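A structural walkthrough
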Amino acid sequence: MTNVLVGVDRSDSSTRAVQLALRWAEVSGQSLLVVHVIPWSPFSFQTASENEYRHAQRESEIAAAQAQVIAPMVALAEGSGVDVAALVRHGSPSDELIELAESHDATHLLVGRTGDSGLRVSLFGSVASRLVQHAPVPVTVVP
C-alpha cells in the first residue's frame, strides 16, 4: 500500500518534493511512490503507421524517463529504510496522478512547483493547480 505519492520531473522543485515526501514517510512509517508522467494525449489523430511508430517511441520515452528522471529521485531514498516504488506513465500528468492516488490508496500527494509560461497557465492551468482543485487527497506543492 502506498501512503505518499510524489509526482516528479527533472526540476529542482521535484527534488525538494521527493526529499520532503521521504522525510514524511520516514517519520510516519509510510511507503513512497515516485511517479513521472510523460505528457501524451490519446485524442490525437494518427495514421496506422504513425501508431506503430508511436508505440516504439513510447517504449524509448519510458526507458529514458526511468534513467533520467526516476533513478535519480529514487536514489535520494537509498539507505533511508523507506519502502520506495516508482512508475512511469503516459497521459495527462494531473489525471494520471489523481488516478494513481486513488488506486494506490495514497494519503498525500506532493509535486514540485515548476515554471510554465504565463499564457499556458492562463489557458490550461498548471498541473499543481489542477491537483489542488481535483485530487482526492491533500496536496502539497513544493517551491
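Residues numbered from 1 in each chain as written. Predicted model: local features only at pLDDT ≥ 70, side-chain atom pairs only at ≥ 80, totals over all residues. Heavy atoms only, no water.

If you look at the biggest cluster of nonpolar residues, it comprises 21 residues, and the most contacted ones within it are Val 6, Val 8, Ala 21, Leu 32, Val 34 and Leu 110. Counting only elements with at least two residues in this core, the list comes to β1 (4–7), α1 (12–28), β2 (32–39) and α2 (48–75). The dominant element in this core, judged by the number of residues it contributes, is α1, at six residues. Not counting residues up to four positions away in its chain, the partners in contact with Leu 110 are Val 4, Leu 5, Val 6, Gly 7, Ala 17, Leu 20, Ala 21, Trp 24, Thr 140 and Val 142. (Core = buried A, V, L, I, M, F, W, Y, C linked by side-chain atoms within 4.5 Å. Buried < 20%, exposed > 50% of the residue type's maximum accessible area, 1.4 Å probe, protein only. Helix = DSSP H or I, 4+ residues; strand = E, 2+ residues; numbered from the N terminus. Contact = heavy atoms within 4.5 Å.)

Between its terminal C-alpha atoms α1 stretches 25 Å, which fits the 24 Å expected from 17 residues at 1.5 Å a residue. Every buried residue belonging to α1 is among Ser 13, Ser 14, Ala 17, Val 18, Leu 20, Ala 21, Leu 22 and Ala 25, and all of these are buried. Once α1 ends, the next one or two residues include Gly 29, with phi positive near 75°. (Expected span 1.5 Å × (residues − 1).)

Mapped onto the secondary structure, Ser 14 falls in helix α1. Ser 14 gets classed as buried once you look at its relative accessible area, which sits at 2%. Other than its neighbours up to four places away in sequence, Ser 14 contacts Gly 7, Val 8, Asp 9, Met 73 and Gly 112.

This paragraph deals with the sheet that holds strand β3 (residues 84–91). Spatially, β3-β2-β1-β4-β5 is the arrangement adopted by the five strands of the open sheet, whose pairing is parallel. Two strands bound the open sheet, and with one partner strand each, they are β3 and β5 (139–142). Adjacent strand axes in the sheet meet at a mean angle of 20°, parallel and antiparallel pairs treated alike. Pairing of β2 with β3 involves eight bridges; the strand directions are parallel. Bridged to Leu 33 within β3 is Ala 85. Lying on the sheet, helix α3 (residues 93–103) is in contact with β1, β2, β3 and β4 (108–112); it crosses β3 at an angle near 140°. The sheet strands contacting helix α5 (residues 127–134) are β4 and β5, and the helix crosses β5 at an angle near 160°. (Pairing = 2+ DSSP bridges. Axes fitted to C-alpha atoms, helices over the stretch in contact; angles between N-to-C directions.)

Our next topic: the packing of α3 against α5. Where α3 contacts α5, the two axes come as close as 9 Å, and the packing angle between them is 40°. When the axes of α3 and α5 are compared, the pair comes out oblique. Considering the relative orientation of α3 and α5, their crossing is right-handed. Along the contact surface, α3 presents Pro 93, Ser 94, Asp 95, Leu 97 and Ile 98, while α5 presents Val 127, Arg 130, Leu 131 and His 134. (Parallel < 35°, antiparallel > 145°, perpendicular 65-115°, else oblique. Left-handed = near helix turned anticlockwise from the far one by under 90°.)

Moving on: the pairing of β2. Counting buried positions along β2 gives seven out of eight residues, so the element sits mostly inside the fold. Pairing analysis gives four bridges linking β1 to β2, with the strands arranged parallel. Among the inter-strand pairings, Gly 7 is bridged to a residue of β2, identified as Val 35. Crossover β1 to β2 through α1 is right-handed. (Right-handed = clockwise from strand over helix to strand, strands pointing away.)

Per-residue confidence for the protein chain averages 87 on the pLDDT scale, and 86% of its residues sit at or above 70. Confidence drops under pLDDT 50 across residues 116–120; counting only partners more than four residues distant or on other chains, this segment forms three contacts. (pLDDT = per-residue confidence, 0-100.)

Before going further, it helps to spend a moment on the pairing of β5. Every second residue of β5 is oriented toward a common face, the buried set being Thr 140 and Val 142 and the non-buried set Val 139 and Val 141. Sheet topology places β4 next to β5; four bridges connect them, and they run parallel. Residue Gly 112 lies in a different strand from β5, and its bridge partner there is Val 142.

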